[in-house]
Every structure is written in C-alpha cells, then in structure tokens.
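Descriptive analysis of the structure
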Protein chains: 2
Amino acid sequence: MNPLGPLFEPKSVALVGASHSETRLGGVVLKNLLRFKGKVYPINPKYDELMGIKAYREVSDIPEPVDLALILRPAPEVPDILREFRGRARFVIVMSSGFAEVGETALQEEVRRIGKESGFRTVGPNCMGLYNPHKALDTFFLPQERIRRPKRGNVAIVSQSGAILSCLLGAVRDANAGVSKAIGYGNAVDVAEADLYEYLAYDKKTDVVISYIESVDDGRKFIARAKELTDKKPLLILKAGKGSSGQAAAFSHTGRLAGRYEVFHSIVSQFGIREAADFDELMDATKALSYQRPSKGNKVCIITNGGGSGVLAADECMRQGLDVVGISGETKARLQHLFPHFFVVNNPVDLTAQVQDEDYVTVLRELADDYDGFLLISLPNVFGITEKLGELLTAAKKNLNKPVTANIAQSGITGKITSMLERALIPVYPSPERAVRGLKALLTGNAPAPCKRGVQNLPLTPPW
Amino acid sequence: MNPLGPLFEPKSVALVGASHSETRLGGVVLKNLLRFKGKVYPINPKYDELMGIKAYREVSDIPEPVDLALILRPAPEVPDILREFRGRARFVIVMSSGFAEVGETALQEEVRRIGKESGFRTVGPNCMGLYNPHKALDTFFLPQERIRRPKRGNVAIVSQSGAILSCLLGAVRDANAGVSKAIGYGNAVDVAEADLYEYLAYDKKTDVVISYIESVDDGRKFIARAKELTDKKPLLILKAGKGSSGQAAAFSHTGRLAGRYEVFHSIVSQFGIREAADFDELMDATKALSYQRPSKGNKVCIITNGGGSGVLAADECMRQGLDVVGISGETKARLQHLFPHFFVVNNPVDLTAQVQDEDYVTVLRELADDYDGFLLISLPNVFGITEKLGELLTAAKKNLNKPVTANIAQSGITGKITSMLERALIPVYPSPERAVRGLKALLTGNAPAPCKRGVQNLPLTPPW
C-alpha cells in the first residue's frame, strides 16, 4: 500500500474537539463522520456520548491505535494533544488555525517537530482535512447544507487553501463531475503537495488532479513528483500569488520556489506540467479531462449552425495553438454532395439556420478520420434542432474515439440536450471559446499544453 | 428625432412573407409582432386574415406608408418586393438570406441600389431584425419558447451575426440585465454599425452598447461614430475573425478595415474604444456597466473571508492594471482595533472563517474614501455569513457612490444573497477573477481600458 494509503482510506478515525452541537465546528465534523463506515472515536472531556455514539474523555481512553486523528482545538493546546497520539495514530490532521499564518511560527515548528519525533505523519495545521466519497469519509468543518459535496468521481483536489478547496468542490459539482479524493493541506509542516501527487499518481480512482498552490517548500521534490504524476495522468496547477499584490496576499512559506512567479512558471512549463491561468480556465480543463482521456494531435474540426459562433471558436483555436485545418478536397466534395448548397463546407462547417439534427452526425462520420478533435456548436433556437440531437450525438460519440467538446447556446431545450451530452461524456460549455479551452485540455499536441491564455499568439506590438 | 428613430420606434410595420403557421419563419415573426402596440400589416397573396388580424394580398394594398417593412421571402423575390416599397416605407429590413454570404453579390448589390434609389433605408439582408422591448416590438424569427427575450433594460446589442445576437440575448438574461434595443444588421448594404452607434449615442434608454463585428466596410466612419459613442457611454466591441482561421470563417466584406485584426485592434485602442477578448469577457464587462456607471481611478480594495480567493483576485487585478494598494497606517490601526487580532488587515482584507456579516460593512465604511472601487468576496459556507449579508450590503451600497462588484462562492445560500445584491445593483460573478474583470470595466483609470486579457503584464520571456 502507498505510504499515504491509511490517510485517505483509514479504518479508524479519532476526533479531538468533537462537539454535540452542529453550530460548532467540532459538531459539524462529527456529524459528517457519522456517515463513515469505519470506526469513529469522538474525544471530549465532558461527554461519554456524542450524537448517539460513544465518546471518550481522553486520547488515552481510545481502545486501539487509530489510522487517522483529527485535531480541532485551539492552537496552544495542539502540541500537548499531538504528544498524546505518539504510538496511537498513523496520521494526524491538525485542522486548527492560529499558527504561522498569524505569525505563530514557533508554535508551528513545535507541531512539525512533535510529528517527526512521534512517528506519525502530520497534515496541516490550518487546513480543511479531507474528503473521500468512495469511503464516505468527510472531515470538513463545512456543513453539508452550506456546501453540498460532489458525487463520487475521478477528479482529485489538492488545495493549500481551504477557501479555494470549498470553491473547487462547488465547481466540480457544477461541472457535473465527481471527486475521487479532496484534501486541504494548509500550512504543510509535513505532508505537502508533492507527497499527495505521489499518492494520487497511483490512485486508481483518480484520472485528473487539480492543485491550488500558494507556495512550495521543497522545489526539487515538488518538480519531481509533479513530473511523475504528469507522466501518468493530467495534473492541472493553479498557482496563486503571481504578482506583487498576490504574493503579499498569499501567506508566504519560506522555500526555494516561493519567490517570483516567473521562476515557478518557467520551471513548471519546462517540465511540461500544465498550469491554468485562472479559476475558470482550471475548471474548464478539469471538466474535459474528467469526461475524456487526452490524446495527441492538434487538428480540430468545428461544426456549427451559427456562423458567428464558429468564427469566435476559430479565433480561440488560434490562440490556443489548435489548427483549424481545411477539409481535404475529396472529402469536401463528398460532404457538399450530401448537403444543401447553402451549407458552408469549410472548417468551421456551418450548417446554418436550416440545420437538421442529423447533419451533425453526418459531418462527424465523414470527417472522423481526418481530425484529432471535434468542437460541436449548436444554437437550438431553430426548428431543425430538437432534443433528438442529444440522442444522435450520444450514439455518434460511441463510434468516435476522439476528444469532443460542445457549446450549446441558450434556448428552451438547452438543459435537456446538455444533460444527454454530459451523460454521454461530452462536456458542454456556455461559450464557444470555453468549449475550445476544454478541447485544448484534451489535445496534448506535440508540445506541452500552454499555461497562459489570451494573446500570446498575436503580435505584441501592433504593426504600426 | 434621430434619423434612425422610426426604425426602432415605428408606428406601423408591414411583414412580407407573413404566414398563418408558427412552424414557418413568417409565422414566428407575425406572432411576435402581435404584441406590438402600433399597426401591423401582414402581407400574403393567399390570405385576407392571418392569426386573427387583417392581412393584405399585396404591398400596394396597405392603406398607408409604413415606418418599417420586413421582408422574409426567398432572395430572388426580394428586389421586386423592394421596388414596391418605393414611397411606401421609411425603413426596410431584408431578413432573407441568400445574398453575398452565399456568393450572390450581384443580387446584394441590386438590393443596395434599389434601396438608395427608392428613398428608404435598408437593414440587412441576411439579418435577424430588431427588438425594442420598450415598444413591445420584436421582429426576430426565433420562437419565444426557444429564446426567451431579456426584460427591458439599458443594454443595446448591435450584432452583425444573428447567431451571436441570439447568444447575447441569452447572456443578457443570464446576467440579470435587460435590453434597450437589439439589432442584427447582417450583410449591411446600408445601415451598418456606425449608423447604429450614432443613434444609440443619443438613445436615453441605453447606458451601454455591445457590438459584435466580423467586418467593417467604412473604417473612417466606423472609428468616428465609435469614438463619438464612447465619449457618451461605454461601447464594448467583440471583434471576430482575429486570426487566419477566424478570418477565413468570417464572411468577408470588402472594406478598409476588414483585413488584418492587428490593424483593427491598434486603431481601435488608439482611440480608446474598448474591446473584449472573448464572449465571456464581453458579458462580464456588460453586466458591470449595465448595473453601475463607470468612474475614474484604479485603486481597488479587496474584502474577502477566504484567503485563497483574495490571492486569486489580487493576481487578476495585477493583470488588469488595477492597483491593490495597501491600507494607510492610520486607517489600518483603526480597523485592527475594530476587529479580532487574527483578521488580516491588509489589502486584501481577510475576514477569515470567523467573519460576521457586519464585518464587510465595517470595512466598506472605514475605507470608502481611500479606494476607487471595491471587490467583495464572500464564501458563505461558514456560520457567520447569513442571508442578512444581502440586506447589509444593499444598505451599504447606497452610501458608497463607487464601483463595487462581488464574487459569492457556491453554498446553500448563494442564490439568495446573489439575488439581493443584484437587486441592489451589485453585479455578482462566479469566480474572483471574473469579479475583478467586472470591476475593471467600471474603473477607467487614466488610460484606455485594456482589450486583451491574461498575461500582458507579466514578462513574456521567462527570466531564465
């Protein structure tokens, strides 16, 4: 078993700071733990029972060593609690805040030292803990009614910030995707992003890893593990603290790569590790990589029934380094023969307002071998597009073993078509450009994926 | 009255190609016209009555000259129909397609010539027509059940493409904004973007104009009118056909600026005319400018209860040229005195997970004079944030006569808080970065607003 195995799949969990009340963080966590199938040991010096299960007065009262201990008590109490877990826990998550992020660096160093001396691995302090829906394990101090958890899925979330972790949980739900593991590691005195990458590289439930980073302590280890993970499955990094304002805002670990963003960025891109420019770009890529496996190539075919949307998509393809290469002469003649003369058989293929549902399938069938990926744009505000489009594309997708993303414009039937396409694992985006970014995440080309968006392919100085 | 007045506010409308059936485009348009308060003259050689109103066999049967005639008949019939409107219409919209966009340039030239000779102004051909909710006028051939129209509001939409026009209608609805006028002008043989800018500059119902452009015929006129409009109210341009793929995809008018995007871009930015990089950026800016008036300055204060979200916002501020300047010493001391010691009284102000609703208002009150704009970030997954936040910020907004945008992270109460804030005209965005882009649209700084996003403020060559 991977060294971090018992952290994500413990058989027993102790909670120091358990409470009987759901209005307290220790009560929220305990309530979330009640769903866990393994053993749960709530610890509270005043109670023998909490929320209907046996409680323990002291750590030493627990009848067995636990795989995972959670600490949710004020920072000054944490060192003593940690010492009690010596020989009694394999992993300890210190969720409490009040350490280096508020200047209490000595206290944080003590936490680090006690963990090292005591033989358990420490997560945190100042962190959100973890969520493993495959084991019904949820240590977050966020009430379920405030943050509904994503379903089980293949996206792993690794976040230094608890706030961003909670935003990512919501965004994964919105993307109609699911989570394999989610962890907020906070101040990272011991377990940090690199250890988590190593674990997730071999985690069979995880197909894509998203990682929010403010600072990195051990740059060499970070790069080695990020590269190792990237070789096995996509890792998408969102690095915060890019400019002086952001850096000042980010809590600054002292570490080798914690300085200038430009250095971080250039090293990361040199190793072919993907970086997202912002939260939305991160989630657009995550959605695509959660639905489909990436593949090589960069030749893209755009199929649309709205000319303007096709143009916007083609523009974004250019920015993303995707090649909207024309349709070859013979295939073009064949398609023109199949379609009315006013359909534009170029790339983008414009099926116009006279489109019928079946036309999308015809193009996909005829061009399947000629392109590496497909972008479907549908404006279902014309009579020829019906809910049947969802069924037809679901069937077509099965024969098309290539990346495909979609933009379905707003209309009365958009929701239904979107649901069907997403059940068929075609990710749907609200704009042509975002659908292109999703497709880009799936097409690795021959070069590393770009980590910046926007204008880099345009001349930077206007040709004045 | 402005020369284009009767186009947008006609007293009478004729429709050539009216149909009794809602499954035909001529029936969809007629149905939409039934809500119009002025006179409607449906024309169809086979009927004396259509959808319950009197119909006319021929154009010459209409008892009076009309302000606006709509033509929805096959392209080859259009010239003869146009000739019949000589002296019988002030404006004619040729909605039919089948002209230059499919190579029928001679037919299109004929349309242009007949219009000029006949003394009416021509819109189109190959266009969507117009929508003026303030007059219940809707000439779109899109069924209401497929595209629900936005409510009345202050956003004018000017789109060369009908497809993008329909997407923009949906996006304006999504933004909880409303439309003053919307028009798709298509192949633009006569009335083009520049004429529309001139009209909208003086339209009292319009506070912000969004314009989707594929090509421009008369560059000099375009720039003059765009500048004139920009001097009166914000104009946001989305130029499609930026790269070779996009240009090939865009139907190409022959015109002075229809060529290289770089030339278009550099001229436009030289004149301080705003450009959006993509559909989403266009709508983020539109939402902000629909809710609030832009003002000078670029000093921004970020108020958050999630550290990570504050860092992402600060990063985006840097990219957008907004200054996240620190809090001055005296004010800082005052705020620190008002708050618990673990609140981070910097910029961003981090109210942490221990936040209470009132804390946002305290910061706004204390810092109101020191900044040009405010970004509110709230993660309502902690106990201290309740629905009351909406009320408190609604009240605070009234005393704060400065741009303010918000990012409310997903939670069980996000919808309610968002509704309240947007009723108070604080635009809410789904990510910190997009909220920054909204704020940027409201802060004109001392330089023209940027038209590109992303990395332009970062060094382009890594400091290797």
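Remember, predicted model here, so these are calculated numbers, not experimental data.

1. Observations regarding the confidence of the model for chain A
Residues and elements named next belong to chain A.
- The predicted model of chain A averages 91 in pLDDT, with 93% of residues at 70 or higher.
- Low pLDDT (under 50) marks residues 251-258, which in the prediction has 24 contacts with non-local residues, meaning those over four places away or in another chain.
- In this model residues 447-464 is a low-confidence stretch, pLDDT under 50, and it forms 47 contacts with partners more than four residues away in sequence or in other chains.
- Confidence estimates for the predicted assembly give a pTM of 0.92 and an ipTM of 0.91.

2. Focus on the interface of chain A and chain B
- With 80 residues of chain A at the contact, the number on the chain B side is 80 residues.
- When chain A packs against chain B, the two sides together hide about 6100 Å² of surface, and 63% of this comes from carbon and sulfur.
- Considering only the surface of chain A that becomes buried against chain B, Arg146(A), Phe383(A) and Gln410(A) emerge as the three largest contributors, covering 12% of it.
- Here chain A is connected to chain B by two salt bridges.
- With a shortest N-O distance of 2.5 Å, Asp278(B) and Arg437(A) are connected by a salt bridge.
- Remark: the boundary between chain A and chain B carries 26 residue pairs in polar contact (both at pLDDT 80 or more).
- Elements supplying a minimum of two residues to the side of chain A that touches chain B: helix H2 (25-33), helix H5 (162-174), strand E13 (235-239), helix H8 (244-249), helix H9 (261-270), helix H10 (279-291), helix H11 (307-319) and helix H16 (432-442) of chain A.

3. A few points about the packing of aromatic side chains
Residues and elements named next belong to chain A.
- Counted according to the given criterion, the structure contains 18 aromatic pairs over all chains.
- Plain terms: the ring middles of Tyr41 and Tyr56 are 5.4 Å apart, the flat faces sit at 70° to each other, and that makes the pair edge-to-face. Of this pair, Tyr41 sits in strand E2 (residues 39-43) while Tyr56 is found in the loop between strand E4 (53-54) and strand E5 (66-71), placing the two residues 15 residues apart along the sequence.
- For Tyr41, a relative accessible area of 4% corresponds to the buried category.
- Note on Phe222 and Phe264: the rings are 5.6 Å apart at their centroids and 25° apart in plane angle, and the pair reads as stacked.

4. Here we look at the pattern of salt bridges
Residues and elements named next belong to chain A.
- Counted under the stated rule, the structure contains 54 salt bridges over all chains.
- Measuring nitrogen to oxygen at the nearest pair gives 2.9 Å for the salt bridge that ties Lys227 to Asp231. Taken together, the residues span about one helical turn, with Lys227 and Asp231 both in helix H7 (residues 219-232) at a distance of four residues.
- Judged by relative accessible area, Lys227 falls into the partly exposed class, the value being 29%.

5. Description of the side chain of Thr418(A)
All names here are of chain A.
- Checked against the element boundaries, Thr418 lands in helix H15 (residues 414-423).
- You can call Thr418 buried: its relative accessible area is 18%.
- Not counting residues within four places of it along the chain, the set of residues in contact with Thr418 comprises Ile408 and Val428.

6. Brief notes about the environment of Leu15(A)
- Within the fold, Leu15(A) resides in strand E1 (residues 12-16).
- Here Leu15(A) falls in the buried class, since its relative accessible area comes to 0%.

7. Concerning helix H13 (residues 357-367) of chain A
Residues and elements named next belong to chain A.
- Among the 11 residues that make up H13, eight are buried, leaving the element largely enclosed by the rest of the structure.
- Of the residues making up H13, those classed as buried are Asp357, Asp359, Tyr360, Thr362, Val363, Leu364, Glu366 and Leu367.
- On its buried face, H13 sits against strand E15 (300-304), helix H12 (329-338), strand E17 (349-350), strand E18 (373-378) and helix H14 (388-399).

8. Examining a positive patch on the surface
- Together, Lys11(A), Lys135(A), Arg152(A) and Lys205(A) make up a positively charged patch on the protein surface.
- Checked against the element boundaries, Lys135(A) lands in the loop between strand E8 (129-132) and strand E9 (137-138).

9. Looking at unusual backbone geometry
- Cis geometry is found at the peptide bond from Asn347(A) to Pro348(A), where omega equals 5°.
- Within the element layout of this structure, Pro348(A) appears in the loop between strand E16 (344-345) and E17.
- That bond from Gly124(B) to Pro125(B) is cis: its omega, 0°, falls within 30 degrees of zero.
- Of note in the backbone geometry, Ala136(A) takes a positive phi value of approximately 55° without being a glycine.
- Exposure remark for Ala136(A): the relative accessible area of 26% places this residue in the partly exposed category.

10. Side note on the packing of H14(A) against H15(A)
All names here are of chain A.
- The N-to-C vectors of H14 and H15 enclose an angle of 15°; their axes lie 8 Å apart at closest approach. If you check the angle between H14 and H15, you find them roughly parallel. With respect to the hand of their crossing, H14 and H15 are arranged in right-handed fashion. On H15, the residues touching Leu389, Gly390, Glu391, Leu393 and Thr394 of H14 are Ile417, Met420 and Leu421.
- Tallied by class, residues from the contact of H14 with H15 come to five nonpolar, two polar and one charged.

11. What to know about the relation of the copies chain A and chain B
- Between chain A and chain B, the superposition needs a rotation of 180° and an axial shift of 0.0 Å, giving an RMSD of 0.0 Å. In symmetry terms, the pair is related by a two-fold rotation axis.

12. Thoughts on the state of the cysteines
- Summed over the entire model, instances satisfying the criterion amount to zero disulfides over all chains.
- Free of any disulfide, Cys127(A) has its nearest cysteine sulfur in Cys167(A), 17 Å distant.
- There is no disulfide at Cys317(B), and the cysteine sulfur nearest it, in Cys301(B), is 10 Å away.

13. Examining the sheet that holds strand E6 (residues 89-94) of chain B
Residues and elements named next belong to chain B.
- Strands sit in the order E2-E1-E5-E6-E7 across an open sheet of five strands; the sheet is parallel. Bordering the open sheet on either side are strand E2 (39-43) and strand E7 (121-123), each of which pairs with just one other strand. Going across the sheet, the axis of each strand differs from the next one's by a mean of 20°, ignoring polarity.
- Bridging between strand E5 (residues 66-71) and E6 involves five bridges; their strand directions are parallel. Bridge pairing in E6 links Leu68 to Phe91.
- Along the sheet, helix H2 (residues 25-33) contacts strand E1 (12-16), E2 and E5; its crossing angle with E1, the most-contacted strand, is approximately 165°.

14. Points about the environment of Tyr197(B)
Residue and element names in this part refer to chain B.
- Structurally, Tyr197 can be placed in helix H6 (residues 193-201).
- Between the C-alpha atoms of Tyr197 and Phe222, which are 25 residues apart in sequence, the distance is 8.6 Å.
- Filtering out sequence-adjacent residues up to four positions away, Tyr197 remains in contact with Ser211, Ile213, Phe222, Arg225, Ala226, Leu229, Leu235 and Ile237.

15. Some details on the sheet that holds strand E13 (residues 235-239) of chain B
Residues and elements named next belong to chain B.
- Strands sit in the order E9-E8-E11-E10-E12-E13-E14 across an open sheet of seven strands; the sheet is mixed. One side of each edge strand has no neighbouring strand; the edge strands of this open sheet are strand E9 (137-138) and strand E14 (274-275).
- Of the strand pairs in this sheet, E13 and E14 are connected by two bridges, and their pairing is parallel. For Ile237, the partnering residue across the bridge sits in E14 and is Glu275.

16. Brief notes about the pairing of E13(A)
Residue and element names in this part refer to chain A.
- Burial runs high along E13: five of the five residues are buried.
- Burial of the side chains of E13 extends over both faces: Leu235, Ile237 and Lys239 are buried on one face and Leu236 and Leu238 on the other.
- Relative to E13, strand E12 (residues 208-213) is paired through five bridges, and the arrangement is parallel. Paired with Ile213 across the strands is Lys239, a residue of E13.

17. Notes on the packing of H10(A) against H16(A)
Residue and element names in this part refer to chain A.
- Across the interface, H10 lies against H16 with an axial gap of 8 Å and an inter-helix angle of 55°. It follows that H10 is oblique to H16 by the angle criterion. For the pair H10 and H16, the crossing hand works out as right-handed. Of H16, the residues touching H10 (which contributes Asp284, Ala285, Ala288 and Leu289) are Arg434, Arg437, Gly438, Ala441 and Leu442.
- Residue composition of the contact of H10 with H16, grouped by class: five nonpolar, one polar and three charged.

18. Some words on the side chain of Asn407(A)
Residues and elements named next belong to chain A.
- When you line up the elements, Asn407 lands in strand E19 (residues 404-408).
- Its relative accessible area of 2% is what places Asn407 among the buried residues.
- At 3.1 Å, the side chain of Asn407 and the backbone oxygen of Tyr429 are in polar contact.
- With sequence-adjacent residues up to four places away left out, Asn407 is seen in contact with Leu376, Ile377, Ser378, Tyr429, Pro430, Ser431, Pro432 and Ala435.

How each quantity is defined
- Residues numbered from 1 in each chain as written.
- Chains lettered and ligands numbered in written order.
- Predicted model: local features only at pLDDT ≥ 70, side-chain atom pairs only at ≥ 80, totals over all residues.
- Heavy atoms only, no water.
- pLDDT = per-residue confidence, 0-100.
- Contact = heavy atoms within 4.5 Å.
- Buried area = accessible area lost by both parts, 1.4 Å probe.
- Salt bridge = Lys/Arg side-chain N within 4 Å of Asp/Glu carboxyl O.
- Polar contact = N/O pair within 3.5 Å; in protein donor to acceptor, adjacent residues only side chain to side chain.
- Helix = DSSP H or I, 4+ residues; strand = E, 2+ residues; numbered from the N terminus.
- Phe/Tyr/Trp six-rings, centres within 6.5 Å; stacked < 30°, edge-to-face > 60°.
- Buried < 20%, exposed > 50% of the residue type's maximum accessible area, 1.4 Å probe, protein only.
- Patch = residues over 30% accessible without salt bridge, like charges linked within 9 Å, V, L, I, M, F, W, Y side chains within 5 Å.
- Areas by Shrake-Rupley, 256 points an atom, 1.4 Å probe, with all protein chains shown as cover.
- Lys, Arg positive; Asp, Glu negative; His and termini not counted.
- Charge placed at Lys NZ, Arg CZ, Asp CG, Glu CD.
- Axes fitted to C-alpha atoms, helices over the stretch in contact; angles between N-to-C directions.
- Parallel < 35°, antiparallel > 145°, perpendicular 65-115°, else oblique.
- Left-handed = near helix turned anticlockwise from the far one by under 90°.
- Nonpolar A, V, L, I, M, F, W, Y, C, P; charged D, E, K, R; others polar.
- Least-squares fit on C-alpha atoms with pLDDT ≥ 70 in both.
- Disulfide = S-S within 2.5 Å.
- Pairing = 2+ DSSP bridges.

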